[in-house]
Amino acid sequence: MQRHAIAAIMRREFVLRWGRRNLGFAWLFAEPLIFAFPVITIWTLVRAPFEHGLPMTAFVWSGYMPLLIFRHVTMGAIFTIRQNVGLLFHRRVSPFDIFLGRQGLEALGNLASVAFSFFVLHIFGFLDWPYDYTLFVLGFVYTAWWSLAVALILASLSERWEVIPHIWSPIAYLYIWFSGFLFMAAWVPPNIRAIILAIDPPFICYEIERAGLFGPRLQFYYDIPYLTYVLLILTAIGLWLMHHVRKHLELE
Amino acid sequence: MIRVLGLYKEYRSEVNHRRIRVLNDITFSVAPGEKIALLGRNGAGKSTLIRMISGIELPTAGTIERSMSVSWPVGLIGGIGSSMTGNDNIRFISRLYNKDFGAVREYVEDFAQLGKFLSEPVKTYSAGMRSRLNFGLSLAIDFDCFLIDEMVAAGDARFQRRSHEELFEKRADRSLILASHVPDIIRSHCSRAIVLHYGRAKVFDDLDLAISIYNDL
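Given the structure is predicted, the values throughout are model-derived calculations rather than measurements.

Explanation requested: the overall build of chain B in the structure shown.
Across its full length, chain B holds 7 helices and 9 strands. Relative to the globule expectation of 17 Å for 217 residues, the C-alpha radius of gyration of chain B, 17 Å, shows essentially globular dimensions. Judged by the C-alpha coordinates and their principal axes, chain B covers about 45 × 40 × 30 Å. Out of the 217 residues belonging to chain B, those deemed buried represent 43%. Sequence separation of 24 or more characterises 69% of the internal contacts of chain B that already satisfy a separation of 6 or more.

Encoded structure:
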């Protein structure tokens, strides 16, 4: 870990992405809201105000924000190293520094926008305070970790195989169906639930986050040590791939 | 001191995956204070050699020992970001190398004479302006050895005089490896030369001889 390099790249990225000629800092928070608000409005109008005993807006919000985190963090990771290969002219910058500088900032920005949209919706009366703050925050932290772990693998693999972005776009679409965006463990039969919880890390992140938001109104299913273990393995795979990415890079 | 020992570099051809040897058993050393020119036709491996010395590219075989700090390869590409402004580049590099932004900025401003262009994106700069910014930054960060890949004939006499003064008078103890096609730049900055040809390298202590051999290649 090279804190100097990562911090310098984060600030550089910050200036580049939300530069002086754009809206600046505001984009960081506005961007997810531009996506989230129309979706929430439509869902709220179309569907009943309560579904399975849960307030609809809160349910949609709790599904949509983790999806945004995942999409933003993973999409930007593809070819992130080659797009910034000029940074590797400085020996103290490693490919991992580029990854963490850019996608780490993306994850932090998205987490900040989750907090921001929560407060906005809370002020308008759409969202109540979470039942359990720790679980709620933990759910989002795990979502960010899961997204970064997948992004790390994608960033390294896309430098090896050009086909990755083509494979990734259908997977990113299917993610809506298997991530927990639309459904919860309590709604599926126990035998299927056990399988999903074993093979679907983002689903567990969703359960943690929603358990924190909604409390004991519904039964939530999550095993935090198991999730931690799975994410550690994914992160290790990603780090190993990233460590060996250099020989696949071309320095202009 | 930099010692390059039995250096080989091979690439795989993208067409038929055959190995292409760019550098073939290169050995030389650079002592503190030595200013060496790197001569060779386009594609002779000058940039590759400079990148390996800076440590951003690995040799296929052979070793490079460095007992002094070595700059990044200062050239037209790499090292600085082209969609960032000059000032943003100064800020990024100061942060990366843990130097005071104000001091680095002041130095680069004075050395590169970019004036109000420092707040414009680098992609709007001419080749000479980029060279001046990049070279000025590496001087401001201050290394024991400067690696310069293709210093553009920045032309104006003031800049020539200034870089000569910075490298020879203020930094007589520092080393320089300079790749260039321009005899005037080489004569004003270097005392020895390495000529690269078909992957082989030959070191010349007589600069004029090296330049005349290079001209006949």
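Where do I start with the interface of chain B and chain A in this structure?
When the parts of a complex come together, some accessible area is lost, and that lost area is often taken as the interface size. Taken residue by residue, the interface counts 18 residues in chain B and 16 residues in chain A. Sorting the residues of the side of chain B that touches chain A by element identifies α1 (46-54), β5 (70-74) and α2 (86-96) of chain B as the ones contributing at least two each. Ranked by the residues each element gives to the side of chain B that touches chain A, the list is headed by α2 of chain B, at 4 residues.

I tried to follow the domain arrangement of chain B on my own but got confused; where do I start?
Residues and elements named next belong to chain B. When cut into domains, chain B gives domain 1 (1-69 + 145-217) and domain 2 (80-142). Inter-centroid distance (C-alpha atoms) of domain 1 to domain 2 is 24 Å. Taken together, the contact pairs 10 residues of domain 1 with 8 residues of domain 2. If you list the elements that add at least two residues to the side of domain 1 that touches domain 2, you get β6 (145-149) and α5 (157-169).

It is not clear to me how the pairing of strand β4 (residues 61-66) of chain B should be interpreted in this structure. Could you clarify?
Each regular strand carries side chains that alternate between the two faces of the sheet. All names here are of chain B. Burial analysis of β4 places just 0 of its 6 residues in the buried class, a small minority of the element. Strand direction decides the pairing type here: strand β1 (residues 2-12) and β4, joined by 5 bridges, are antiparallel. Paired with Arg-3 across the strands is Glu-65, a residue of β4.

For this particular structure, what's the right way to read the sheet that holds β4 of chain B?
The strands that make up a sheet are held in pairs by hydrogen bonds between backbone atoms, and each pair lies either parallel or antiparallel. Residue and element names in this part refer to chain B. Taken in spatial order, the 3 strands line up as β2-β1-β4 in an open sheet, and their pairing is antiparallel. With one partner strand each, in any of the chains shown, β2 (19-30) and β4 form the two edges of the open sheet. Looking at each pair of strands side by side, their axes are set apart by 25° on average, direction ignored. Two elements, β1 and β2, share 8 bridges in a ladder whose sense is antiparallel. Note that in β2 the partner of Val-4 across the bridge is Phe-28.

Explanation requested: the nonpolar core in the structure shown.
Generally speaking, soluble globular proteins have nonpolar side chains that are buried together. Among the nonpolar cores identified, the biggest contains 115 residues, and Leu-38, Ile-177 and Leu-178 of chain B are the most heavily contacted of them. By residue number, the principal contributor to this core is helix α5 (residues 133-160) of chain A, which donates 15 residues. Mapping this core onto the domain boundaries places at least three of its residues in each of domain 1 (1-69 + 145-217) and domain 2 (80-142) of chain B. When sequence neighbours within four positions are dropped, the list of residues in contact with Leu-38 of chain B reads Lys-46, Leu-49, Ile-177, Leu-178, Ala-179, Ile-194 and Leu-196 of chain B.

Reading guide: rules and limits
Residues numbered from 1 in each chain as written. Chains lettered and ligands numbered in written order. Predicted model: local features only at pLDDT ≥ 70, side-chain atom pairs only at ≥ 80, totals over all residues. Helix = DSSP H or I, 4+ residues; strand = E, 2+ residues; numbered from the N terminus. Rg over C-alpha atoms; globule rule 2.2 N^0.38 Å. Buried ≥ 20, exposed ≤ 12 C-beta atoms within 10 Å, placed from the backbone. Contact = placed C-beta atoms within 7 Å. Domains from an automatic or database assignment. Pairing = 2+ DSSP bridges. Axes fitted to C-alpha atoms, helices over the stretch in contact; angles between N-to-C directions. Core = buried A, V, L, I, M, F, W, Y, C linked by C-beta atoms within 7 Å.

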